[in-house]
Amino acid sequence: MGPIWSSYYGNCRCLLFMMDASDPTQLSASCVQLLGLLSSEQLAEASVLILFNKIDLPCYMAMEEIKSLIRLPDIIACAKQNITTAEISAREGTGLAEVLAWLQATHRAKG
Ligand SMILES: Nc1nc2c(ncn2[C@@H]2O[C@H](COP(=O)(O)OP(=O)(O)OP(=O)(O)O)[C@@H](O)[C@H]2O)c(=O)[nH]1
Ligand SMILES: [Mg+2]
């Protein structure tokens, strides 16, 4: 779906980007997609929440390793956007409350 994402950039104020933490083979491709989003002028004002999903599965890599592999600290430091991360399991609902709280707080802050 990546090629058509840009049709939805207009008026986007909150961006949730989900990465599959259980699949290291997808990490670099996801990271390229993320960098594309972050470099878009239309999304410069958006607040971004990066979700690392499927943390209920046996982990191939520790979350800290994943973050360091994609150089997340550098991505966050260089991005124009305000970026938050959360570790979740969509299947078990882990982290859901955190995601909802982020959406509420971000929506409120942006009026
Ligand atoms: N264990 C677990 N499975 C999940 C979770 N979220 C989604 N899935 C399952 O993962 C499978 C594929 O879904 P996703 O990877 O989310 O979707 P996708 O990337 O579009 O699909 P794939 O190309 O198959 O990876 C489905 O069977 C989901 O039910 C989760 O948090 N934990
Ligand atoms: Mg998947």
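Scroll up to find the structure.
Residues numbered from 1 in each chain as written. Chains lettered and ligands numbered in written order. Predicted model: local features only at pLDDT ≥ 70, side-chain atom pairs only at ≥ 80, totals over all residues. Heavy atoms only, no water.

Any chance you could break down the site of ligand 1 for me, citing the residues and the numbers?
Lining the immediate surroundings of ligand 1 are D20, N53, K54, D56, L57, S89, A90 and R91. At 3.0 Å, a side-chain N or O of N53 approaches an oxygen atom of ligand 1. Side-chain polar atom of D56 to a nitrogen atom of ligand 1: 2.8 Å apart, as the coordinates give it. Residue composition of the shell around ligand 1, by class: two nonpolar, two polar and four charged. (Near = heavy atom within 4 Å. Polar contact = N/O pair within 3.5 Å; in protein donor to acceptor, adjacent residues only side chain to side chain. Nonpolar A, V, L, I, M, F, W, Y, C, P; charged D, E, K, R; others polar.)

Give me the lowdown on the layout of surface pockets, citing residues and values where you can.
Taken as a whole, the largest pocket encloses approximately 190 Å³ of empty space. Taken together, W5, Y8, Y9, C12, L15, L16, F17, M18, S30, Q33 and L37 make up the full set of residues lining the largest pocket. Only β1 (14-20) and α1 (24-38) provide two or more residues apiece to the lining of the largest pocket. For the lining of the largest pocket, the element with the most residues is β1, which contributes four residues. (1 Å grid on protein atoms, 1.4 Å probe; cavity = no way out; pocket = protein on both sides within 12 Å on 5 of 7 lines; lining within 4 Å. Points joined across faces, edges and corners; volume = space filled by probe spheres on them. Helix = DSSP H or I, 4+ residues; strand = E, 2+ residues; numbered from the N terminus.)

Account for the pattern of salt bridges, naming residues and giving values.
For the structure on display, the rule yields three salt bridges. Of the charged contacts in the structure, one is a salt bridge between K54 and D20, with a shortest N-O distance of 3.0 Å. Taken as a pair, K54 in the loop between β2 (47-53) and α2 (63-69) and D20 in strand β1 lie far apart in primary sequence, 34 residues in all. The partly exposed category is assigned to K54, whose relative accessible area is 32%. Overall, D20 belongs to the buried group, its relative accessible area being 15%. Between K67 and E87 there is a salt bridge; the shortest N-O distance is 2.9 Å. (Salt bridge = Lys/Arg side-chain N within 4 Å of Asp/Glu carboxyl O. Buried < 20%, exposed > 50% of the residue type's maximum accessible area, 1.4 Å probe, protein only.)

I'd love a proper account of the packing of aromatic side chains, names of residues and values included.
Following the criterion strictly, the structure yields one aromatic pair and no others. Between W5 and F17, the ring centres sit 6.2 Å apart and the planes meet at 85°, which makes this aromatic pair edge-to-face. With a gap of 12 residues between them, W5 in the segment before β1 and F17 in strand β1 connect regions that are remote in the sequence. We classify F17 as buried; its relative accessible area is 6%. (Phe/Tyr/Trp six-rings, centres within 6.5 Å; stacked < 30°, edge-to-face > 60°.)

With reference to specific residues and values, describe a nonpolar patch on the surface.
Taken together, the side chains of L16, L96, L100 and L103 define a hydrophobic patch exposed on the protein surface, amounting to about 330 Å² of accessible area. Considering each element in turn, the nonpolar patch owes the most residues, three residues, to helix α4 (residues 96-109). Take L16: it is sitting in strand β1. (Patch = residues over 30% accessible without salt bridge, like charges linked within 9 Å, V, L, I, M, F, W, Y side chains within 5 Å. Areas by Shrake-Rupley, 256 points an atom, 1.4 Å probe, with all protein chains shown as cover.)

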